[in-house]
Every structure is written in structure tokens, then in C-alpha cells.
Amino acid sequence: MKNPMFWVLLTGMAILLIQQGLPVHSQGDSQTDNKVMDNITVRQGETVFLRCPQGDIVTHTAWLNRSSILYAGEDKWSVDPRVSLVTLNQEEFTIKIEDVDMTDEGPYICAVQTSRRPRTTSVHILIQVPPTIINLSKGIVVNEGSNVTLMCQASGKPEPSFTWKLLSPSGDLASDDEYLDIPSISRQRAGTYECTAVNDIATDVQTVEITVNYAPSVSEGRDVGVTLGQRGVLECEADAVPEADFEWYRDDRRIFNGFDGMEIEDAGQLSKLTFFNVSEADYGNYTCIAINKLGSSNTSFVLYEVIEPTSSTLLQGPGAVQDGNSGSMGTHVHTYTCLLLAILQFLLRF
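Residues numbered from 1 in each chain as written. Predicted model: local features only at pLDDT ≥ 70, side-chain atom pairs only at ≥ 80, totals over all residues. Heavy atoms only, no water.

Asks: Outline the sheet that holds strand β3 (residues 48–53), supporting the account with residue identities and numerical values.
Replies: A sheet is described by the order of its strands in space; here 3 strands give the open sequence β3-β8-β7, paired in antiparallel fashion. Two strands lie at the open edges of the sheet, namely β3 and β7 (83–88), each paired on one side alone. Along the sheet, successive strands turn relative to each other by an average axial angle of 20°, direction set aside. (Pairing = 2+ DSSP bridges. Helix = DSSP H or I, 4+ residues; strand = E, 2+ residues; numbered from the N terminus. Axes fitted to C-alpha atoms, helices over the stretch in contact; angles between N-to-C directions.)

Asks: So what's going on with a negative patch on the surface? Which residues, and what values?
Replies: A cluster of acidic side chains, namely Asp245, Glu263, Glu265 and Asp266, defines a negative patch on the protein surface. Ranked by residue count, the leading element in the negative patch is strand β22 (residues 262–267), at 3 residues. The residue aspartate 266 is located in strand β22 in this model. (Patch = residues over 30% accessible without salt bridge, like charges linked within 9 Å, V, L, I, M, F, W, Y side chains within 5 Å. Areas by Shrake-Rupley, 256 points an atom, 1.4 Å probe, with all protein chains shown as cover. Salt bridge = Lys/Arg side-chain N within 4 Å of Asp/Glu carboxyl O. Lys, Arg positive; Asp, Glu negative; His and termini not counted. Charge placed at Lys NZ, Arg CZ, Asp CG, Glu CD.)

Asks: Break down the nonpolar core for me, with residues and values.
Replies: In terms of nonpolar packing, the biggest core is built from 22 residues, with Leu234, Trp248, Leu273, Phe275, Tyr286 and Leu303 touching the most fellow members. If one sorts the elements of this core by residue count, strand β19 (residues 232–241) sits on top with 4 residues. Other than its neighbours up to four places away in sequence, tyrosine 286 contacts Leu234, Tyr249, Arg250, Ile255, Leu273, Phe275, Thr299, Ser300, Phe301 and Leu303. (Core = buried A, V, L, I, M, F, W, Y, C linked by side-chain atoms within 4.5 Å. Buried < 20%, exposed > 50% of the residue type's maximum accessible area, 1.4 Å probe, protein only. Contact = heavy atoms within 4.5 Å.)

Asks: An account of the pattern of salt bridges is requested, with residue identities and associated values reported.
Replies: In total, this model carries 8 salt bridges according to the counting rule given. Glutamate 92 serves as the salt-bridge partner of arginine 51, at 3.8 Å between the closest nitrogen and oxygen. Here arginine 51 is found in strand β3, whereas its partner glutamate 92 is found in strand β8 (residues 92–97), with 41 residues between them in sequence. Between arginine 254 and glutamate 247 there is a salt bridge; the shortest N-O distance is 3.5 Å. Relative accessible area serves as the criterion here: at 33%, arginine 254 is assigned to the partly exposed category. Assessed through its relative accessible area of 18%, glutamate 247 is described here as buried.

Asks: Describe in detail the packing of aromatic side chains, supporting the description with residues and values.
Replies: Centre distance and the angle of the planes are the two values used to describe a pair of aromatic rings. By the definition in use, this model includes 2 aromatic pairs. Ring centres of tryptophan 248 and phenylalanine 301 lie 5.5 Å apart, and the angle between their planes is 35°; this geometry places the pair in the tilted category. Residue tryptophan 248 is located in strand β20 (residues 245–250), and its partner phenylalanine 301 is located in strand β25 (residues 295–305); the two are separated by 53 residues in the primary sequence. What makes tryptophan 248 buried here is its relative accessible area of 1%. When the centroid spacing of 5.4 Å and the interplanar angle of 70° are considered together, the rings of phenylalanine 275 and tyrosine 286 count as edge-to-face. Remark: tyrosine 286 occurs in strand β24 (residues 284–292) and phenylalanine 275 occurs in strand β23 (residues 270–275); sequence separation between them is 11 residues. Taken as a pair, phenylalanine 275 and tyrosine 286 share a single burial class, namely buried. Directly above the ring of tyrosine 214 sits arginine 187, whose terminal nitrogen or CZ lies 3.8 Å from the centroid. (Phe/Tyr/Trp six-rings, centres within 6.5 Å; stacked < 30°, edge-to-face > 60°. Lys NZ or Arg CZ within 6 Å of the ring centre and 35° of its normal.)

Structure, rendered in C-alpha cells:
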């Protein structure tokens, strides 16, 4: 472009004044010839348009940023492919910057040299950035009663705010800070925690798991009655994290799988001791013990005999009674029957 020395001097003056944080003025200008436009706020990734009014007879015009000339008239000086010329005429000099990022934030100056005098127009671009969670605590495993702190940090502009809440199981624990403190955590506080980072632009959400270990707690044993020769099952249920291992005992003797025709089956929180053919020797007291690395718990059962009714009892029915008078009563019934038959035959003769 013509007169490159003019642009070099103008650029140097603009850079010097921008660094001082002052509006840009050309030498000899009056305050009224230099305008400061409202800030332009744009979201990261969008396109910003920089418009500069011309007027009069313009001999030179340029757009500058913090350190260099972007456009001098229709000549592009910037090597950034995102910067392009939109309009250049006697009324308007407009350029655009596509896909803006935080590096584009700052002051921009339109310098115009007219036939009358030079003037400048300055504008400040503000970039808004949606929040992005960049540092979140990893999933953790702790013992019940431990103190826990979760951290959630995010980038964004304006600076994001934070909220925490317990999702699963649903709970009332919440925080509006990037740190969540849980003193003396209980098993009820285990689950999925959600961190939300939000600003005026958007929201980012991530989750973290807390696993709380605790010693086993065994449900009270239920006594079981079984008929001799039938199948019987004792069930032992334990709540524990990590899951408990089970041991079965008959009095003080430990029972192993397959011992004396008994089967032990463990599935998660439940252990079953099965008798496939109960014998007299199987009746008695049994103990189930649930164990993990934090402790143990136990409960007791009684396997007792149930007597089945005999066939004679079923025929007599409930409350049937037999005594020494039963034979005498049968004789009386037979005598009455014979007497009635004799009377009937006598009457039939007439």
C-alpha cells in the first residue's frame, strides 16, 4: 500500500497508547475526533464484525489490534485466515473475525486519515466462554467414618459457579462451592455425586462415585421346621461393603460344601445351607457368620422336626375317640334293627 511509513508510525502510536490503557489519539487531534465505542461481547466460536464509519474524503484507513495492522484499506496485513474484509467504501470500513477465541479479546482501533484531519475509533472485544470442567475428583473408596473432600474446577468466562448434589441414592446433601466436604461419611452417603458448573453462556455437568466400605450386618436368623426325609433350607442375609464371605457352623464345627449331604450356595448378600434329605442327626442349632475386611457378624438358626399325621389319624379325623363301650353300642344297634324288620313284615300281611 502507498506510504507504508505512515502505517508503521500509526501502528507504533496505537500500540503505545493501548499498552497505557488510554484511548488512541493521532498527533494533533482534538478529543472530539476520537471515539470510543461500546464493548462488543461475543461468545467463543462466533463471528464478530468490526465497523468503522468513514465520511469526508478518506486517504488512508486501517484496522489494528493490540500489536499489528489487520487491514490497511483493502490490503490484508494479517496472516490469520479468520480475518477478512467485509465492506470498504466512503461510508463504512468493516472487517470480521470468525471463530473467535480468548486470544482475540482486547482493544481494536480503526484509524482514518481524511482530507481534513486524522481520527480514530476504538472498541474492546469481550469473549464469553462456556464452562468446561477441567479437574474433577476421581471415584474413591473409603471406610465408613472417614472425612471426604470432592473437588470440581472449571474454566469459563464469566467465571462459572458450582453446585454439588447426591444423585443416587437421592439425598439432601448439597454445596454451592467447588469443594464438597463430607465429614465422617456414612454408608447412606455412598453413591453418585454430580458437579454442575454454570455461567451466563452454558452448563457443564460431570459425576463422581463414592464407595463406602463397612462391616457386615446380618439379618436375624429364622428357625425352620422340616419333616424327616424332606428338603430343608436355612437362609443367611448380610449387608456389607465389600460383600461378605459366609461361614456355616453346626454347634462349634464348621460345615463345608458337600459335607454330610449339605450344600452351601453363596450369591451376593445371601448364603443358603440346603439339606436334601433331612435325618434325625441334622436337627439342631446352626450359626451363620458373615465376614469382610472390616469385621464380622453372625446369627443363629434352629432346624427342628415337624411330625406328619399318620394314616389312621387321618381316617379317624380330628377328635376321634375310641373306648371300651364301643362294642356294646354296636350290639344295641343290631337288636333295634332286627326288631324294626319284624314289625315291618307283620304289617305287610294285611
